[in-house]
Every structure is written in structure tokens, then in C-alpha cells.
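Chain by chain, the residues:
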Amino acid sequence: MNQVTETRTNEAWVAGVRAQDGAVLMSLRSYLCRSLTVALSGRAGQGDVEDFAQLALERVLERVDSFRGDSRFTTWASAIAIRIAFGELRRKAWGNESLEVLLAERRAPEAVTKETGRDAAARGELLTALKAGIATELSERQFAIVTAELRGMPTAVISKEMGMSTGAIYKMHHDARKKLRRYLEQRGFSVADLGALSVGVGERR
Amino acid sequence: MIETEQELLDLLAAIADTRDVEIDCDAFLDRVAPLAEQLRQEVALSDAFYAEAHHLRICSGCREEFDALLAVLRGE
């Protein structure tokens, strides 16, 4: 599809973008429209695709000096365009949902575990420990971030709701996971087994 | 409240895959283009992308965007 990419080198793209060469910018915008049409596969109309491509073009202009040349320029620009487009679509999809309401939402505990016996008991013990860890180890903000992410709220939306950067949200989520891992390890649960435990059976060290 | 067993199991899976040092979504974006080009060629991922591969497992948003980028590359 994107024959444009085959006819320009990275150096030509970078030089053209830096110089704000009209023909180069038009080619890039056109390329980004085609990329986004594939990337979004029907999730947005043509008008939105063109808007996202324009926003991406502006971002590429701002960031062109950070392009390291370790990929094709068009792949790098497409990644930026996709980040913008998905971010906008997620914000639109979650536009009427507030973090406060999401956190307050009660969800009835369902009976996922059907098995009985030693395995079920071990898993029950682990989940009880995890609940206790959530209650005692996490700050209010960490709890909010962990819960919102578990319930599918995109990081960009959480970031906007909490007035923090996406990097800060990720850091707090990471710190929360580390705290909970340490809490479980201190109670004798082997982290190596947690992955297996999360889909099946629990064992203590 | 985190009340359902499924939510707890999902959190447990994320805890199990937690590393002491991780990259965030912005750092991932900086490296996603060469990663996607390498995967598009269906060659084994080099160790240089260890942190990015881990981020893909942890972050559903970046995974969704990465899949979209791969679709673009594969459509060329």
C-alpha cells in the first residue's frame, strides 16, 4: 500500500520534515492516513482518521530531532500516529465514566473456583492474603490506579482523571505491584508460582 | 473495591510478571518501531528488546497499539 515509503530514505524524510517542505509533509500526512486506516480497521470514520493524521503530523514535527534512525522513519511516525489515535478513541469511549464512579461500583463476587480440596484451599489462602495486602499496603492513589486498570480504564483516561502524567500513573502501578509481591513473599508465597496460581493451583513454599 | 475472584486473579498474574525495573509507556513508544520491524520479519526477538517484550505483557494499551502497528507493517 504505502509506496511512498519505498521512494524516500530516512535521511530524506528527516531533512524534508525539518525543513517543513510542503511536498514531504503532504506525503507524510497521506502516508499516516493510510496507516491509520489499516491500524484502526473501521474503528473510526475517515474524518477522524484525517484529524488523527494531522495531530500526528504536528507531533512528528515537534519530535523529529528525537528520531534515532533505528527503524524506518515511516514506522516511527506511524507508531506516534497510532498512540494519538488510540488515545483519542479511548478517551471518547470512556468520556462519561468517572474514576470515582468506577471505584465505587460494587461487583458481586462470583464463584470462579469450582474445584475443591487442597488446590482450591491453597488458592483461597493466596487470594485472602492478596486482599489483605491490597487493604494494608496500597496508598489511596495506588488502590485507585490498580482498581481502575483491572476494570479496563485506559491509562490515558486515569491520567486525565487524576491529573497526573501517564508515566507517573505507570510508576505508581508498578510500585503497587512490587509492594504486593513483597507482601506475598513475606507470607511464604513463592512469586515463581504466582503465575501458575493465578490460573490454577496454589502452593506454599 | 476489588471484589471478584477474576479481578484478583488478573492482579496476581500482573504481580507474578512484575520486574524490579520496568519501562513505562513513553519509553516503550520510543522503542516500538524497531521492535515491530524485527517482529514483522518473524525473526527471534533479540535480547535488546527484553524490557519492551515485558512491557507488552504488562500493558494492554501498548499491546493493542503494537498489534495495530504490526498490522500496518504487514499490510505494506
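Residues numbered from 1 in each chain as written. Chains lettered and ligands numbered in written order. Predicted model: local features only at pLDDT ≥ 70, side-chain atom pairs only at ≥ 80, totals over all residues.

Novice: I'd like to hear about the overall build of chain A, residue by residue, with values.
Specialist: On a plain count of helices and strands, chain A comes out with eleven helices and zero strands. Along its sequence from the N terminus, chain A presents helices and strands in the succession α-α-α-α-α-α-α-α-α-α-α. Scored against the burial criterion, the 205 residues of chain A give a buried share of 33%. Put simply, 72% of the contacts in chain A that link residues at least 6 apart link residues at least 24 apart. (Helix = DSSP H or I, 4+ residues; strand = E, 2+ residues; numbered from the N terminus. Buried ≥ 20, exposed ≤ 12 C-beta atoms within 10 Å, placed from the backbone. Contact = placed C-beta atoms within 7 Å.)

Novice: Give me the lowdown on the overall build of chain B, citing residues and values where you can.
Specialist: On a plain count of helices and strands, chain B comes out with four helices and zero strands. Mapped from its N terminus to its C terminus, chain B presents α and β elements in the order α-α-α-α. Compactness check: chain B gives a C-alpha radius of gyration of 14 Å against a globular reference of 11 Å for 76 residues, more than 25% above the reference. Principal axes of the C-alpha set define a box for chain B whose edges measure 45 × 25 × 20 Å. The buried share among the 76 residues of chain B stands at 38%. A separation threshold of at least 6 residues defines the contact pool for chain B, and within that pool the share at least 24 residues apart is 68%. (Rg over C-alpha atoms; globule rule 2.2 N^0.38 Å.)

Novice: Break down the interface of chain B and chain A for me, with residues and values.
Specialist: Listed as interface residues are 38 residues of chain B and, on the opposing side, 45 residues of chain A. For the side of chain B that touches chain A, the leading source of residues is helix α1 (residues 5-16) of chain B, giving twelve residues. When its residues are assigned to classes, the side of chain B that touches chain A shows 21 nonpolar, five polar and twelve charged. (Nonpolar A, V, L, I, M, F, W, Y, C, P; charged D, E, K, R; others polar.)

Novice: Pulling in residues and values, what's your account of the nonpolar core?
Specialist: Generally speaking, nonpolar side chains in soluble globular proteins are found buried as a group. Ala-56, Ala-81 and Ala-85 of chain A together with Leu-69 of chain B are the most contacted members of the largest nonpolar core, which has 67 residues in total. Here this core gathers at least three residues from each of two domains, domain 1 (3-93) and domain 2 (101-199) of chain A. (Core = buried A, V, L, I, M, F, W, Y, C linked by C-beta atoms within 7 Å. Domains from an automatic or database assignment.)

Novice: I'd love a proper account of the packing of helix α8 (residues 140-150) of chain A against helix α10 (residues 166-186) of chain A, names of residues and values included.
Specialist: All names here are of chain A. The N-to-C vectors of α8 and α10 enclose an angle of 95°; their axes lie 9 Å apart at closest approach. By the angle between their directions, the pair α8 and α10 is classed as roughly perpendicular. Two secondary-structure elements touch here, α8 through Arg-141, Gln-142, Ile-145, Val-146 and Glu-149 and α10 through Ile-169, Met-172, His-173, Asp-175 and Ala-176. Along the lines of polarity and charge, the residues of the contact of α8 with α10 split into five nonpolar, two polar and three charged. (Axes fitted to C-alpha atoms, helices over the stretch in contact; angles between N-to-C directions. Parallel < 35°, antiparallel > 145°, perpendicular 65-115°, else oblique.)

Novice: Explain the confidence of the model for chain A residue by residue, including any values.
Specialist: Considering every residue of chain A, the mean pLDDT works out to 86; 84% of them sit at 70 or more. For the stretch residues 200-205 of chain A, pLDDT sits under 50, and the model shows 17 contacts to residues farther than four places along the chain or on other chains. (pLDDT = per-residue confidence, 0-100.)

Novice: Can you tell me about the confidence of the model for chain B, naming the residues and giving the values?
Specialist: Detailed reading of the predicted coordinates is not advisable wherever pLDDT is low. Residues and elements named next belong to chain B. Averaged over chain B, the pLDDT score is 90; the fraction of residues at 70 or greater is 97%. Of all helices and strands in chain B, the one with the weakest mean pLDDT is α1 (89), whereas helix α4 (residues 60-74) scores best (95). Confidence metrics for the complex model read pTM 0.86 and ipTM 0.92.

Novice: Before we move on, could you go through the packing of helix α5 (residues 73-93) of chain A against helix α2 (residues 25-40) of chain B and cite the residues and values that matter?
Specialist: At a minimum axis distance of 9 Å, the contact between α5 of chain A and α2 of chain B shows a crossing angle of 125°. Considering their axes alone, α5 of chain A and α2 of chain B lie oblique with respect to each other. You can see that α5 of chain A and α2 of chain B cross each other, and the crossing is right-handed. Contacts from Thr-75, Trp-76, Ala-79 and Arg-83 of chain A of α5 of chain A reach α2 of chain B at Leu-29, Val-32, Ala-33, Ala-36 and Glu-37 of chain B. Residue composition of the contact of α5 of chain A with α2 of chain B, by class: six nonpolar, one polar and two charged. (Left-handed = near helix turned anticlockwise from the far one by under 90°.)

Novice: Account for the environment of Ala-48 of chain B, with residues named and values stated.
Specialist: As for its placement among the helices and strands, Ala-48 of chain B is situated in the loop between α2 and α3 (50-58). Taking the C-alpha atoms as reference, Ala-48 of chain B lies 11 Å from Gln-38 of chain B; in sequence the two are ten residues apart.

Novice: Which residues make up α4 of chain B, and what values do they have?
Specialist: Over its 15 residues, α4 of chain B runs 21 Å from end to end, which matches the ideal 21 Å to within 8%, given 1.5 Å per residue. Every buried residue belonging to α4 of chain B is among Cys-62, Glu-65, Phe-66, Ala-68, Leu-69, Val-72 and Leu-73 of chain B, and all of these are buried. An end-on view of α4 of chain B places all buried positions within 160° of arc, on one side of the element. Taken together, the buried residues of α4 of chain B touch α3 (22-40) and α5 of chain A together with α2 and α3 of chain B. (Expected span 1.5 Å × (residues − 1). Arc of directions from axis to C-beta.)

Novice: Please set out unusual backbone geometry residue by residue, giving values where relevant.
Specialist: Here Gln-20 of chain A, not a glycine, exhibits a phi torsion of approximately 55°, which is positive. Its location among the elements puts Gln-20 of chain A in the loop between α2 (10-18) and α3.

Novice: Let's hear about the environment of Leu-70 of chain B: which residues, and what values?
Specialist: Residue and element names in this part refer to chain B. Inspection of the secondary structure puts Leu-70 in helix α4. The class for Leu-70 is partly exposed, based on 17 C-beta atoms found within 10 Å. Not counting the four nearest positions on each side in its chain, Leu-70 is found in contact with Ala-36, Leu-39 and Arg-40.

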